[in-house]
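Each chain is listed here by its residues.
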Amino acid sequence: MADAIRAERLGKTYPHSKDAALVGIDLRIPAGSVYGLIGRNGAGKTTFVRIASTQLMPSEGEIWVLGHDAVAEPRSVRARIAVIPQESRPLYFLTIDELVFHHLRMRGMERAEARRRTDQVLGQMGLADRADTLVSRLSGGLRRRAMVAMIFASDAELLFLDEPTTGLDPLARREVWAAIQRAREGGRTVLLTTHYLDEAEALSSRLALIERGRVIVEGTPADIRGRVKYPFRVTLPASLSQSELTSYGEVSGVAGGWLVFAREEAARELTRLALGRNLAVAMAPISLEDIFLQLVGRPLTEGESAGEEVA
Amino acid sequence: MTDRRRLRSLWTIAFMNGVIPVRRQPLYLLNTIASPLSFLFFIALASRGTLLRPAIAGGMVLTMISIGTSLQADLTHFKQDMKFQDLVVASPVEAPIYVAGLALSEFLYSIPGLSVFVALWVATGPPPGILDALTVGFTLLLVWAFSSALGFTLATYFEDIRETFVFGPLVSLGLTVLPPVYYPATFIPAAYRPLAFLSPATYAADLLHRAFRLGASEPLFGPPLLAAPLDWLALIGITAGLFLLAAKKARWREP
């Protein structure tokens, strides 16, 4: 399968900043796939998206998008991509219908085709009954959905979605997920950045975990699970002592008890032990969140409130 | 992108930002005419009507300069607050099309204001000839062009909409209020008159004053016969220079 995006030794240091936002990134994003970029705020996800979508110059390395050098041939790239920038807001003086329709016209689309695509996407995204509502009168979640509709209605082959479901309720998230799946079925490539690991896992055929501007791990969700030492999690009450648990795996304190990352056999043994003592216990395969915790040593959400994403 | 698609793109941007908001809130139109008419009112009143015609020309120039400051504010708002420019950068829309579309939208806002000044021009003096009308039209077109280029260049450096609140009035002050735009250049003491010609609006006003048959300032150098050609030369040169500056310095893809 051809690469939609190929980055080699890609690096970025912002002017007036001592620290690198991206360091030596090597990534290949296959065409026709949904690719998830996950990481904490400030990890470098948005910087990568902005470079690949020709909004930002890299400091070093090379990047090809849809077969074109994104640095030297930005126009060839721009003709075939669409982006929802992080924290972007729709033009508030338009209705949802105008927003989508005029976005397509702005990209140069014929009127009839723009009309057809607008009606189609508003129906698919559950926005048809609000088509004539002014954006300024919508909730934050609906505004975000309108932005997503705008991008999906385009004829772009490669879609960059920078945290598209932030602030959406669960039902609206599912509608965006469905739109992403339709895009993939239609042969488009989607580069998705997200904090929601369930979202990344549910949608992405491959993932890259970025931390401090570096790719920590990359592969299919199954590959990534296979690379961690402890593929199971067991939660236990605080009445057990930590010293009893350390031989089973990696123990950490959580609200109301203990979380133990363990291999399958150790996890089963620990569960039997707890059940034998009539204690509440839960055993499950680890989530992406757990993988992040094991690989990075701190949870994905740590530092989010600081709002440290630099670009 | 083909030229046809470029034109479609340009008009869509102008329509989105210049027609739809006015349909929803027609009071926007009053905003563009408020300052130019206020100056006209006070200058005409204070001069007991003797400066009414120069002030009408000044009103036309200020209306067009306001396009540049409005463009600067809109560009900054769309870039910093809405992240709309990021969306446009990563699309087939090219920078000149985006800026021209927004500049055209600002021009659409200014049409009612300009119409008032044109009506006043026609109503308060001898009927203008075709050459006068062409002079006024081309001069205002150049003012629109240079103020838009200046607005775009400044906007790419602003990181907060509040900066435009500071620079917008300063640009208006430096380009239209202090220089001889609402009043004849001959009102300035001869020793300070060269300073007035630092503002491109001075050349535009000088051309308008001639088209209004008000008499105009002496050229800075050369015989009086050369005054109008020198005004055109300076205005076209400054406009071209500001376009070059915009093309070279304005930041579309960030460094």
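Residues numbered from 1 in each chain as written. Chains lettered and ligands numbered in written order. Predicted model: local features only at pLDDT ≥ 70, side-chain atom pairs only at ≥ 80, totals over all residues.

## Concerning the overall build of chain A
Operational definition: To qualify as a helix, a DSSP run of H or I must reach at least 4 residues; to qualify as a strand, a run of E must reach at least 2; elements of each kind are numbered from the N terminus. By the criterion used throughout, residues are in contact when their C-beta atoms, derived from the backbone, lie within 7 Å.
The number of helices and strands found in chain A is 11 helices and 14 strands. Dimensions of chain A, computed from the C-alpha atoms along their principal axes, are close to 70 × 45 × 40 Å. Pairs at least 24 residues apart make up 66% of the contacts formed inside chain A by residues separated by at least 6 positions.

## Examining the overall build of chain B
Inclusion rule: Each radius of gyration is computed over the set of C-alpha atoms, and the globule rule expresses the reference value as 2.2 Å times the number of residues to the power 0.38. Here the C-beta atoms are placed from the backbone, and a residue counts as buried if at least 20 other C-beta atoms lie within 10 Å of its own, exposed if 12 or fewer do, and partly exposed otherwise.
Counting its secondary structure elements, chain B contains 11 helices and 0 strands. Tracing chain B from N to C terminus, the helices and strands come up as α-α-α-α-α-α-α-α-α-α-α. Its C-alpha atoms give chain B a radius of gyration of 19 Å, near enough to 18 Å, the size a compact globule of 255 residues would have. Taken over the C-alpha atoms alone, chain B extends approximately 50 × 40 × 35 Å along its principal axes. Expressed as a percentage of the 255 residues in chain B, the buried residues total 46%. Partitioning the contacts of chain B with sequence separation of at least 6, the portion at a separation of at least 24 is 79%.

## A word on the domain arrangement of chain A
Our working definition: Domain ranges listed in this record stem from an automatic or a database domain assignment.
In terms of domains, chain A is made up of domain 1 (3-225) and domain 2 (229-285). The C-alpha-based centres of domain 1 of chain A and domain 2 of chain A are spaced at 39 Å.

## Remarks on the sheet that holds strand 3 (residues 34-38) of chain A
All names here are of chain A. Applied cut-off: DSSP bridges decide pairing: two strands pair if at least two such bridges lie between them. Where helices are involved, their axes are fitted lines through C-alpha atoms of the stretch in contact, as for all axes, and angles between N-to-C directions lie from 0 to 180°.
Pairing in this open sheet of 6 strands is mixed, and the strands run 6-7-8-3-9-10 from one edge to the other. Among the strands making up the open sheet, the edge pair consists of strand 6 (81-84) and strand 10 (214-219). Each strand of the sheet is rotated relative to its neighbour by a mean of 15°, with strand direction disregarded. Across 5 bridges, the pairing between strand 7 (residues 158-162) and strand 8 (residues 189-194) is parallel.

## As for unusual backbone geometry
All names here are of chain A. Notably, Glu-87 is not glycine yet its phi reads approximately 65°, a positive angle. You can see Glu-87 is positioned in the loop between strand 6 and helix 3 (96-106). By C-beta crowding, Glu-87 is classed as partly exposed, having 14 other C-beta atoms within 10 Å. Despite not being glycine, Asn-278 shows a phi value in the positive range, around 65°.

## Quick notes on the pairing of strand 10 of chain A
Side-chain positions along a regular strand alternate between the two faces of the sheet. Residues and elements named next belong to chain A. The sheet contact formed by strand 9 (residues 206-211) and strand 10 spans 5 bridges and is antiparallel. Directly across from Ala-208, in strand 10, lies its bridge partner Glu-218. In this structure, the hairpin formed by strand 9 and strand 10 is closed by a connection of 2 residues, where Arg-212 is found at a positive phi of approximately 50°.

## Things to note about the interface of chain B and chain A
Many structure descriptions define interface size as the accessible area lost when the parts assemble. What counts, and what does not: In this count, Pro and Cys sit with the nonpolar residues alongside Ala, Val, Leu, Ile, Met, Phe, Trp and Tyr, while Asp, Glu, Lys and Arg are called charged and the others, Gly among them, polar.
Contacts between the two partners involve 23 residues from chain B, matched on the other side by 26 residues from chain A. Broken down by secondary-structure element, the contributors of at least two residues to the side of chain B that touches chain A are helix 1 (3-18), helix 2 (20-24) and helix 5 (84-89) of chain B. Here the side of chain B that touches chain A takes 6 residues from helix 1 of chain B, the largest share from any one element. Looking at side-chain class alone, the side of chain B that touches chain A contains 13 nonpolar, 3 polar and 7 charged residues.

## A closer look at the nonpolar core
Applicable threshold: Joining buried Ala, Val, Leu, Ile, Met, Phe, Trp, Tyr and Cys residues through C-beta atoms within 7 Å gives a set, and that set is a nonpolar core.
In this structure, Ala-149 of chain A together with Val-61 of chain B are the most contacted members of the largest nonpolar core, which totals 142 residues. Once residues lying within four places of it in the same chain are set aside, the contact partners of Val-61 of chain B are Val-143, Thr-176, Val-181, Ala-201, Ala-204, Ala-205 and Leu-208 of chain B. One finds Leu-236, Val-260, Phe-261 and Ala-262 of chain A within the second-largest nonpolar core, a separate group that totals 14 residues.

## With respect to the sheet that holds strand 4 (residues 60-65) of chain A
For sheets, the rule is that strands pair by backbone hydrogen bonds, running either parallel or antiparallel. Read across the sheet, 4 strands follow the order 2-1-4-5 (chain A) without closing on themselves; strand pairing throughout is antiparallel. The open sheet has two edge strands with one neighbour each: strand 2 (20-30) and strand 5 (68-69) of chain A.

## A closer look at the packing of helix 4 (residues 52-81) of chain B against helix 8 (residues 161-177) of chain B
All names here are of chain B. Note the cut-off: Put simply, angles under 35 degrees are roughly parallel, angles over 145 are roughly antiparallel, angles from 65 to 115 are roughly perpendicular, and the rest are oblique. Throughout, a crossing is termed right-handed when the near helix is turned clockwise from the far one, and left-handed when it is turned anticlockwise from it by less than a right angle.
Their axes nearest at 10 Å, the elements helix 4 and helix 8 cross at an angle of 160°. The angle between helix 4 and helix 8 falls in the class roughly antiparallel. The handedness of the crossing between helix 4 and helix 8 is right-handed. Where helix 4 approaches helix 8, its residues Gly-58, Val-61, Leu-62, Ile-65, Thr-69, Gln-72, Ala-73, Thr-76, His-77, Gln-80 and Asp-81 are matched on the opposing element by Ile-161, Thr-164, Gly-168, Val-171, Ser-172, Leu-175 and Thr-176.

## Here we look at the environment of Glu-8 of chain A
Its location among the elements puts Glu-8 of chain A in strand 1 (residues 3-13). Expressed as a C-alpha distance, the spacing of Glu-8 of chain A and Pro-170 of chain A, which sit 162 residues apart in the sequence, is 37 Å.

## Description of helix 6 (residues 170-185) of chain A
Residues and elements named next belong to chain A. Where we set the bar: The span you would expect from a helix comes to 1.5 Å times its residue count less one. Working note: the arc is built from the helix axis to C-beta atom directions.
Compared with the 22 Å implied by 1.5 Å per residue over 16 residues, the 22 Å span of helix 6 between its first and last C-alpha is a close match. Within helix 6, the full set of buried residues consists of Arg-173, Val-176, Ala-179, Ile-180 and Ala-183. Buried residues along helix 6 cover an arc of 115° about the axis, so they all sit on one side. Exposed and oriented more than 90 degrees from the buried face of helix 6 are Pro-170, Leu-171 and Glu-185. Tucked inside the fold, the buried residues of helix 6 contact strand 3, helix 4 (111-124), helix 5 (140-152), strand 7, strand 8 and helix 7 (197-203). Phi for Gly-187, located one or two positions after helix 6, is positive at around 90°.

## Things to note about the packing of helix 3 (residues 28-46) of chain B against helix 6 (residues 95-123) of chain B
Residues and elements named next belong to chain B. The geometry of helix 3 relative to helix 6 is characterised by a closest axis approach of 8 Å and an angle of 45° between their N-to-C directions. It follows that helix 3 is oblique to helix 6 by the angle criterion. Handedness of the crossing formed by helix 3 with helix 6: right-handed. Residues Tyr-28, Leu-29, Thr-32, Ile-33 and Pro-36 of helix 3 touch helix 6, and the partners they reach there are Tyr-109, Ser-110, Pro-112, Gly-113 and Val-116. Residues that form the contact of helix 3 with helix 6 fall into these classes: 7 nonpolar, 3 polar and no charged.

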